[in-house]
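# Notes for the structure review
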Amino acid sequence: MSIWLIRPSSFVTTAVVGCVVWLLVLENTDWMARHDAVLGPIGLVGALALTWAMNWPQHLTFDGDRFVRRAWLRPALVLPVSDITAVAGYYLAKAGPRIAIGGSDPRLALDLMPGAADQALMLRRLGRRLEHLDMTNVIADEGTRRALGIPGGGLRDPWTPEHHIPACPACGHDWREHPGASTDAAIKGKCAECVYETKHLPRRERVTACSAEAGSWQGPAVT
Ligand SMILES: [Zn+2]
Ligand SMILES: [Zn+2]
């Protein structure tokens, strides 16, 4: 599955706002307006450069084995799950909970928001993969374990609503992996986690991927 960490629309908005603000300042400041032929282009280039540095669109893909971060005109950053050395939750003021994922190379570090549906699913997938690889010791604490969907006591996960949908009874995977969920995770109408497992199993052990609709097994609403 893949998600935008910074959307192209966010880049465009910031660039346009920056340029408009610059032009307003330029035309309303006497000494600047006298030199607008020179200052105008310099400011516009500056506004674009700042947007490039702060708000450059980034796309993140997780295929179960590695995180690949792509940005326009920049080389792709690849963080294999086996290289992850630390997964730690923290709280960013005004932005909410975050999960920092770090490897031995600091340039590959990632930040995900467990509050966003698609990023939450990506974190759960990471949790399952860390369990398979027997690497759960890289997870910093109890709160982070919960965000990664790894059971281990403690208080209820504050990010999961109380009336949560149980895992699929057919394949046991997270309901958000299935077709019809709000996240763009299912692969060709099949549970994405099943598809991943199918690809990684030896040929003779392969089973067909589950195609149940997300939430189709949900019981009567609990009040
Ligand atoms: Zn299923
Ligand atoms: Zn499944």
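This is a predicted model, so every value here is computed, not measured. (Residues numbered from 1 in each chain as written. Chains lettered and ligands numbered in written order. Predicted model: local features only at pLDDT ≥ 70, side-chain atom pairs only at ≥ 80, totals over all residues. Heavy atoms only, no water.)

As a further point, take the overall build of the protein. Regarding its fold elements, the protein presents six helices and seven strands. Along the chain direction, N to C, the helices and strands of the protein fall in the order β-α-α-α-β-β-β-β-β-β-α-α-α. Taking 17 Å as the expected radius of gyration for a compact globule of 223 residues, we find that the protein reaches 22 Å, considerably beyond that expectation. In terms of overall dimensions, the protein has a C-alpha envelope of 75 × 45 × 35 Å along the principal axes. (Helix = DSSP H or I, 4+ residues; strand = E, 2+ residues; numbered from the N terminus. Rg over C-alpha atoms; globule rule 2.2 N^0.38 Å.)

Attention now goes to the domain arrangement of the protein. Segmenting the protein into domains produces domain 1 (2-55), domain 2 (59-160) and domain 3 (165-223). Measuring from the centre of the C-alpha atoms in domain 1 to the corresponding centre in domain 2 gives 34 Å. Tallying the contact residues gives seven residues for domain 1 and 13 residues for domain 2. For the pair domain 1 and domain 2, the interface holds zero salt bridges. If you look at where domain 1 meets domain 2, you find one residue pair in polar contact (both at pLDDT 80 or more). Every element with two or more residues in the side of domain 1 that touches domain 2 is listed here: β1 (2-6) and α1 (8-27). When its residues are assigned to classes, the side of domain 1 that touches domain 2 shows six nonpolar, one polar and no charged. (Domains from an automatic or database assignment. Contact = heavy atoms within 4.5 Å. Salt bridge = Lys/Arg side-chain N within 4 Å of Asp/Glu carboxyl O. Polar contact = N/O pair within 3.5 Å; in protein donor to acceptor, adjacent residues only side chain to side chain. Nonpolar A, V, L, I, M, F, W, Y, C, P; charged D, E, K, R; others polar.)

Around the zinc ion (ligand 2), the protein supplies Cys171 (SG), His173 (ND1), Cys191 (SG) and Cys194 (SG) as donor atoms, at distances of 2.0 to 2.3 Å. Of note, the zinc ion (ligand 2) draws all its donor residues from one chain, in the sequence arrangement C-x1-H-x17-C-x2-C. Here the zinc ion (ligand 1) and the zinc ion (ligand 2) are spaced 3.8 Å from one another, each receiving a donor from Cys171. Here Cys191 lies in the loop between α5 (142-147) and α6 (192-200) and His173 lies in the loop between α5 and α6, a separation of 18 residues in the sequence. (Donors = N, O, S within 2.8 Å, 3.2 Å for Na, K, Ca; no water.)

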